[in-house]
Amino acid sequence: MSLLHRDDAEKPPPAESRNGRLALADLYDRCAGELYRYALMILADPAGAEDAVHQAFYKLLRSGQNTPELREDQAYLRVAVRNECYSMLRRGQRRTADSLSRLLEPHSGQQEDADEREAIESALRVLPADQREVVHLKVFEGLTFREISGRIGVPLNTAASRYRYALERLRGLLNRDRSVYP
Amino acid sequence: MSANDDLAFAELEGRLSKYRPAGPSKALRARVLADVSPRAQRPIGKWLAVAALILLVIGLQWHTQQMDRETRAILDARETLWTPEAEELAQELDGDGAGRRYLAFALLADRQRWASQSSAAMFGSPGDW
């Protein structure tokens, strides 16, 4: 079970609008948090992540793909958000990384170590988008490499090596920070 | 990957998993839901543009038909007015020169008067609009 889905799974079944389709508000409340976090980790840009999520919902509405099946909508939105993020990166639309914008937050009820969080955020910003994406899917969404490879459409070995490169890079960056600020 | 790497990666994963990516702002919800407001669902502007285009095409067709009708009326009048009697009159007035020009002028004036009378009968005078 994904860490991010835990809260959503406890919610009651979604209400349906008069024409049988999922009400957008319900769909948003169930999916937007996860989608935004996914986009945020790919782009490392909060404003860009909001744009990507907005675009994905907009495309869902305009495409008429909105179905009563929550799972289908989630899958559609996830693909749409990912496509939008990489399109933005290709077009160079991502805003200059703002070192003050927060990428991470502690889990509810956990004490925050601001210095550690900022160090991890800075290290994550240095990673390429595709490596940050794999870190997100593995660490924050708790997917297996097989699930990740299916989700992002790369061979299993590629997903695993991408994750390993990301962790090596993160470890190097965090160790360097630790030596500078012991 | 060595055992040390595994250990270090496990520690790093532990550090990372103490956090999660930050959530969206509340403004995003309003922004997304604005797309399904009744105004957004009914693209009135698009239909207005289509209706305006249809009206424009109908108007242009009507105007073209009117112009065509008037042109035909004028042509018909020219054929009707320049009769053998008119030719004879032109000859009587001064043969091929001044008499023919005078008659042509008279016929033109007559034709214009006839056209304005026929269009007034068809559409009414501007004051009637």
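Nothing here was measured: the structure is a model prediction, and the numbers come from that model.

About the criteria used
- The residue count restarts for each chain, going from 1 along the sequence in the order it is written.
- All chains are assigned letters beginning with A, and all ligands numbers beginning with 1, in the order in which they are written.
- In view of the model being predicted, local features appear only for residues whose pLDDT reaches at least 70, and side-chain atom pairs are presented and counted only at 80 or more, with totals across whole chains, interfaces and linings using the full set of residues.
- Every helix listed is a DSSP run of H or I at least four residues long, and every strand listed is a run of E at least two residues long, numbered separately from the N terminus.
- Here a residue counts as buried when 20 or more other C-beta atoms fall within 10 Å of its C-beta, as exposed when 12 or fewer do, and as partly exposed in between; the C-beta atoms come from the backbone.
- Along the chain, pLDDT gives the predictor's confidence residue by residue, from 0 to 100.
- An axis is simply a line fitted to the C-alpha atoms; with a helix, the fit covers only the stretch in contact. Between two such axes, the angle follows the N-to-C directions and lies from 0 to 180 degrees.
- Roughly parallel means an angle under 35 degrees; roughly antiparallel means over 145; roughly perpendicular covers 65 to 115; every other angle is labelled oblique.
- Handedness of a crossing is defined here by the sense of rotation of the near helix relative to the far one, left-handed for an anticlockwise turn of less than a right angle and right-handed for a clockwise turn.
- For every residue pair, C-beta atoms are placed from the backbone, and the pair is scored as a contact if these atoms sit within 7 Å.
- We call Asp, Glu, Lys and Arg charged. Ala, Val, Leu, Ile, Met, Phe, Trp, Tyr, Cys and Pro are nonpolar, and the rest, Gly among them, are polar.

Colleague: Help me understand the overall build of chain A, please; the structure alone is not making it clear to me.
Modeller: Along the backbone of chain A there are eight helices and one strand. Starting at the N terminus, the α and β elements of chain A follow one another as α-α-α-α-β-α-α-α-α. A burial count over chain A gives 36% of its 182 residues as buried.

Colleague: Could you clarify how one ought to interpret the overall build of chain B in this entry?
Modeller: From N to C terminus, chain B includes six helices and one strand. Ordered by position from N to C terminus, the α and β elements of chain B give α-β-α-α-α-α-α. Each of the 129 residues in chain B was classed as buried or not, and the buried ones make up 8%.

Colleague: It is not clear to me how the confidence of the model for chain B should be interpreted in this structure. Could you clarify?
Modeller: Detail in the predicted coordinates should be disregarded across regions flagged by low pLDDT. Residue and element names in this part refer to chain B. The share of residues in chain B with pLDDT of 70 or more is 69%, and the mean pLDDT across the chain is 76. Of all the helices and strands in chain B, helix α3 (residues 38–41) carries the lowest mean pLDDT, 55, while strand β1 (residues 19–21) carries the highest, 93. Both scores are available for the predicted complex, with the pTM at 0.63 and the ipTM at 0.78.

Colleague: Got a minute to help me understand the packing of helix α6 (residues 129–140) of chain A against helix α7 (residues 145–152) of chain A in this structure?
Modeller: All names here are of chain A. Between α6 and α7, the shortest axis-to-axis distance is 10 Å and the interhelical angle comes to 135°. With respect to α7, the axis of α6 lies oblique. Considering the relative orientation of α6 and α7, their crossing is right-handed. Contact with α6, carried on its side by Glu 133, Val 134, Leu 137 and Lys 138, involves Ile 148, Arg 151 and Ile 152 of α7 and no other residues of that element. Classifying every residue of the contact of α6 with α7 by side-chain character gives four nonpolar, no polar and three charged.

Colleague: Explanation requested: the environment of Thr 144 of chain A in the structure shown.
Modeller: Structurally, Thr 144 of chain A is set in the loop between α6 and α7. The spacing of Thr 144 of chain A and Leu 156 of chain A is 12 residues in sequence and 9.7 Å in space, taken between C-alpha atoms.

Colleague: Please explain the interface of chain B and chain A as it appears in this structure.
Modeller: Each side of the interface is counted separately: chain B has 22 residues, and chain A has 32 residues. Among the elements of the structure, α1 (3–16), β1 and α2 (26–33) of chain B are those that each provide at least two residues to the side of chain B that touches chain A. In terms of residue count, the dominant contributor to the side of chain B that touches chain A is α1 of chain B (six residues). Residues of the side of chain B that touches chain A, tallied by class, amount to 13 nonpolar, two polar and seven charged.

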